[in-house]
Amino acid sequence: MSENSKPLLLDVSGLSISFATKQGVVWAVQNLSLCVQQGETIALVGESGSGKSVAVRSILRLLPKATARIDSGRVLFEGRDLLQADEATMREVRGNKIALAFQDPMAALNPVLTVGEQIAEAIRAHEELPKHEVRERVVELLTLVGIPGAEDRLTWYPHQFSGGMRQRVMIAIAISCNPDVILADEVTTALDVTIQAQILELLKDLASKLSTAMVLISHDLGVVAGMAQRVYVLYAGRVVETATTDDLFDHPSMPYTWGLLRSVPRLEGEALDKLVPIEGVPPDATKSAKGCRFQPRCAYRRDICAEREPDLLLAPDTNEGHLTRCWGRQEVTEGGWLLATDWQSDLGDPGLVKQIRSSAAVGG
Amino acid sequence: MAKFLARRAFTTCIVVILVSIISFSIVNVLPGDLAAAILGEEGGADSQRYEELRASLGLDQPLYIQYLNWLTDALRGDFGISMRTQEDIGPAIVSRAVPTIQLAIFAMALSILVSVPVGVISAVRQRTMVDTGGTLFAILGVATPGFWLGIMLMLVFAVWLRWLPPSGFVPFWENPVEALRLMIMPGIALASGLTGVLIRQVRASVIEVLGEEYIVAARSKGLTERVVLYKHAFRNAIFPVVTLIGLQVGQTFGGAATVEVVFSIPGLGRLAVDSIFFRDFTMIQAVMMFLALTVLLTSLLADIVYARLDPRVRYA
């Protein structure tokens, strides 16, 4: 998987996380592995409930202690396994080395503290600075994220800002200690489209200016396209495909990724192209099934798919580091029937599509 | 803020007027009138004295005139004369209010000092033995009648152990040590119910706030758990508690009556109880007004505190 010689910053391997809920155990993340190189941006893509947020929060060990359990895995950062680290070490890492930016800034900013204070406390948690220097840093940060009149807005409260401005404050907090990695958890989802573009531009800009690595979480492949160097597609808590961004868009290698790409509007190409939805609903995470997790919604499925879960293996005829979890795309006995499929023209078995649609309607 | 205060002051005035009408009406809906009550059974038979007294008390005037007279006198601090003791009602109430206010403040302070830490710890240690203990303590507090608790305390600490004086009252500024010694038992008796209610509220609102995203965000900055709890969680959890305290002031003043009787404290509650037994209408009327005003002013105060604490209200 070594595409170039940049040192590995964050190395997550074999991560499995479950939640104890009233409905039973929810298997949120299963055997997830990913790595981030210095200054690199990677993206985790998947539907809501696919385990993206849970996975990144577990890196900082921010999951609710009462219900969440990390069943297995390692999170190597600076030669240490963060999952085994003590509370003091974690506090040192949080915000300082690895920062988290949240989806909804209105919920993630404390309503009764000024934004100046909320940024300042992040700095003070890791650096002992005289008061006026902290203040200068805060003003600097607010200016850096594009908030005009930063000096006067230190004493403002979150509710006095617009949504886009609040997200800028959130980002200012994330970069306040110049972290090595920013975990950006759906940071644009709560914003309208024009503001989304501004915030993405800002993040991209800051990441390159500060040479910060970034883990971008999104359910929107369009958001990911211009930002990340590598993409991990998640389905039901598992990585189902990973590749460099260009490779993934040029040679998507399994039916779920195809489905995602078909449901993203494209500017190039024929205007008459219809968006094709992925039929069915995500699986119930409290139930474990033996086959491929996507198989119930897959219009290309065969018998083997329901019997055994495929491994995440190198996809044939693709670049190095392009892995996929699909029997149809792997050269194994009983598998490989999708190797020659053109995903843009072949939408799978129409009979299966119908069947999936009607069973989802009954189930829902 | 000025606008907010003006609005609150306005509604407070309206409620005061309503309360004054109600408390004035009490005297007039009861059979017999003030003059008959003052003259007693024998004097009431003398119709000339009765008419004279009615005229001098202004009772021969129409009701609304009587009400306005009473109101203008009341606004000047003149509530008339007690039928029972013949003393001026204004000064009488002020002197009897001192012990009650002192006791109520002591009880509320005690209540807050106990319930906030117990509630916060219960919330943080949710579903542990500590939490169960806190809940048990809270329910016991709510379920135990104040007067019974007072008598039990008196039995144990004054009669058996002889650690505390059994009853009496000393103003705090005259002898702080003795005043505290005298207030411990009635204070606990009066605080128990409030403490139980507050523990439950503090616990519930801390648990709710701890589930908020900004708590995760605070942790993600690398703040210590203590800072997260007190700076981020507690400041948000306190709002419903402030409102509840404001609402409970009236309850506490009401509860003071029985506790005052048990501990022989010459307070407003006892004054009210005595006045009711003696049909001392003018006094009851004034006590009602005073209590209503106290409740209104404290809830206004609670709102102001709330607004000071919550920037979203302050700027609204």
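Calculation criteria
- Residues numbered from 1 in each chain as written.
- Chains lettered and ligands numbered in written order.
- Predicted model: local features only at pLDDT ≥ 70, side-chain atom pairs only at ≥ 80, totals over all residues.
- Heavy atoms only, no water.
- Helix = DSSP H or I, 4+ residues; strand = E, 2+ residues; numbered from the N terminus.
- Rg over C-alpha atoms; globule rule 2.2 N^0.38 Å.
- Buried < 20%, exposed > 50% of the residue type's maximum accessible area, 1.4 Å probe, protein only.
- Contact = heavy atoms within 4.5 Å.
- Areas by Shrake-Rupley, 256 points an atom, 1.4 Å probe, with all protein chains shown as cover.
- pLDDT = per-residue confidence, 0-100.
- Pairing = 2+ DSSP bridges.
- Salt bridge = Lys/Arg side-chain N within 4 Å of Asp/Glu carboxyl O.
- Axes fitted to C-alpha atoms, helices over the stretch in contact; angles between N-to-C directions.
- Parallel < 35°, antiparallel > 145°, perpendicular 65-115°, else oblique.
- Polar contact = N/O pair within 3.5 Å; in protein donor to acceptor, adjacent residues only side chain to side chain.
- Left-handed = near helix turned anticlockwise from the far one by under 90°.
- Nonpolar A, V, L, I, M, F, W, Y, C, P; charged D, E, K, R; others polar.

*Asks:* Can you help me understand the overall build of chain A in this one?
*Replies:* Each helix and strand counted, chain A has 13 helices and twelve strands in total. A compact globule built from 364 residues should have a C-alpha radius of gyration of about 21 Å, and chain A, at 22 Å, falls within 12% of that. The C-alpha extent of chain A, read off along each of the three principal axes, is 70 × 50 × 45 Å. A burial count over chain A gives 52% of its 364 residues as buried. Considering only intrachain contacts with a sequence separation of at least 6, the fraction spanning at least 24 residues in chain A is 63%. Here chain A has roughly 16600 Å² of accessible surface; of this, 51% comes from carbon and sulfur atoms.

*Asks:* What am I meant to see in the overall build of chain B here?
*Replies:* Looking only at helices and strands, chain B features 13 helices and zero strands. In chain B, the order of α-helices and β-strands from amino to carboxyl end is α-α-α-α-α-α-α-α-α-α-α-α-α. Each principal axis of the C-alpha atoms in chain B carries an extent, and together these give about 85 × 55 × 35 Å. When each of the 316 residues of chain B is scored for burial, the buried share is 43%.

*Asks:* Explain the confidence of the model for chain B to me, please; I cannot follow it from the model alone.
*Replies:* As a note on interpretation, predicted positions should not be read in detail where pLDDT is low. Residues and elements named next belong to chain B. Taken over all residues, the pLDDT of chain B has a mean of 87, while the share at 70 or more is 97%. Averaged pLDDT values over the elements of chain B bottom out at 69 in helix 2 (residues 34–45) and peak at 96 in helix 9 (residues 213–220). Predicted complex metrics record ipTM = 0.89 and pTM = 0.83.

*Asks:* I would appreciate a short explanation of the sheet that holds strand 6 (residues 98–101) of chain A in the present structure.
*Replies:* Hydrogen bonds between backbone atoms are what pair the strands of a sheet, whose relative direction is either parallel or antiparallel. Residue and element names in this part refer to chain A. Taken together, the eight strands give an open sheet; going across it, the order is 6-7-8-3-9-10-12-11, and neighbouring strands pair in mixed fashion. At either end of the open sheet lies a strand with only one pairing partner, and these are strand 6 and strand 11 (313–314). Summarising the sheet, strand 10 (residues 238–244) and strand 12 (residues 323–324) pair through two bridges and their orientation is antiparallel. Residue T242 lies in a different strand from strand 12, and its bridge partner there is L323.

*Asks:* Please explain the pattern of salt bridges as it appears in this structure.
*Replies:* As a working rule, side chains carrying opposite charge can pair if their charged atoms are close by. Summed over the entire model, instances satisfying the criterion amount to 24 salt bridges over all chains. A salt bridge links R297 of chain A to E47 of chain A; its shortest N-O distance comes to 3.2 Å. Note that R297 of chain A is positioned in the loop between helix 11 (255–262) and helix 12 (303–307) and E47 of chain A in the loop between strand 3 (41–45) and helix 1 (52–59), a separation of 250 residues in sequence. Its relative accessible area of 6% is what places R297 of chain A among the buried residues. One network of salt bridges, with partners in common, ties together E117, E121 and R124 of chain A together with K221 and K231 of chain B.

*Asks:* How do you make sense of the environment of G187 of chain B when you look at a structure like this?
*Replies:* Residue and element names in this part refer to chain B. Mapped onto the elements, G187 comes out in helix 8 (residues 176–210). Take G187: its relative accessible area is 0%, and that puts it in the buried class. Along the sequence, G187 and S167 sit 20 residues apart, while their C-alpha atoms lie 12 Å from each other. Excluding residues that lie within four positions of it along the chain, G187 makes contacts with L103, F106, A107 and L110.

*Asks:* Whenever I open this one, the pairing of strand 8 (residues 213–218) of chain A confuses me. Can you help?
*Replies:* Two faces, one strand: in a regular strand the side chains alternate between the faces of the sheet. Residue and element names in this part refer to chain A. When you tally the buried positions in strand 8, you get six out of six residues, the bulk of the element. Neither face of strand 8 is left uncovered, since the one carrying A213, V215 and I217 and the one carrying M214, L216 and S218 both have all their residues buried. Taken together, the five bridges between strand 3 and strand 8 define a ladder with parallel strand orientation. In the sheet register, I42 faces strand 8, and the bridge partner there is V215. Two strands pair when backbone bridges link them, and strand 7 (residues 181–185) and strand 8 are joined in this way by five bridges, in the parallel orientation. Bridge pairing in strand 8 places L183 opposite V215.

*Asks:* Could you clarify how one ought to interpret the packing of helix 10 (residues 225–262) of chain B against helix 12 (residues 281–309) of chain B in this entry?
*Replies:* Relative orientation and spacing of two packed helices are given, respectively, by the angle between their axes and the distance between those axes. All names here are of chain B. Remark: helix 10 packs on helix 12, axes separated minimally by 9 Å, with the N-to-C direction vectors making an angle of 170 degrees. Between helix 10 and helix 12, the angle is such that the two are roughly antiparallel. When helix 10 is examined against helix 12, the residues I238, F239, V242, T243, G246, V249, G250 and F253 are found in contact with a partner set consisting of L291, T294, V295, T298, A302, V305, Y306 and L309.

*Asks:* How should I be thinking about the side chain of T245 of chain A in this particular structure?
*Replies:* Residues and elements named next belong to chain A. Among the structural elements, T245 can be located in helix 10 (residues 245–250). We classify T245 as buried; its relative accessible area is 3%. Looking at T245, its side chain comes within polar contact range of the main-chain oxygen of A228, at 2.5 Å.

*Asks:* Would you mind showing me how to read the side chain of T135 of chain B here?
*Replies:* Note on placement: T135 of chain B falls in helix 6 (residues 129–143). Excluding residues within four positions of it along the chain, T135 of chain B makes contact with R200 and R203 of chain B.

*Asks:* I'm lost on the packing of helix 9 of chain B against helix 10 of chain B in this one. Help?
*Replies:* Residues and elements named next belong to chain B. It is the contact of helix 9 with helix 10, at a shortest axis distance of 10 Å, that shows an interaxial angle of 155 degrees. The angle between the axes of helix 9 and helix 10 places the two elements in the roughly antiparallel class. The hand of the helix 9/helix 10 crossing is right-handed. On helix 10, the residues touching Y214, I215, A218 and R219 of helix 9 are E225, V228, H232, A233 and N236. Within the contact of helix 9 with helix 10, the residues separate by chemical class into five nonpolar, two polar and two charged.

*Asks:* I'm lost on the sheet that holds strand 4 (residues 68–77) of chain A in this one. Help?
*Replies:* Residues and elements named next belong to chain A. Read across the sheet, four strands follow the order 2-1-4-5 without closing on themselves; strand pairing throughout is antiparallel. Each having just a single partner strand, strand 2 (24–37) and strand 5 (80–81) make up the two edges of the open sheet. Sheet topology places strand 4 next to strand 5; two bridges connect them, and they run antiparallel. When the sheet's bridge partners are listed, F77 is paired in strand 5 with R80. Relative to strand 1 (residues 8–21), helix 1 is tilted by about 115 degrees, and along the sheet it contacts strand 1, strand 2 and strand 4.

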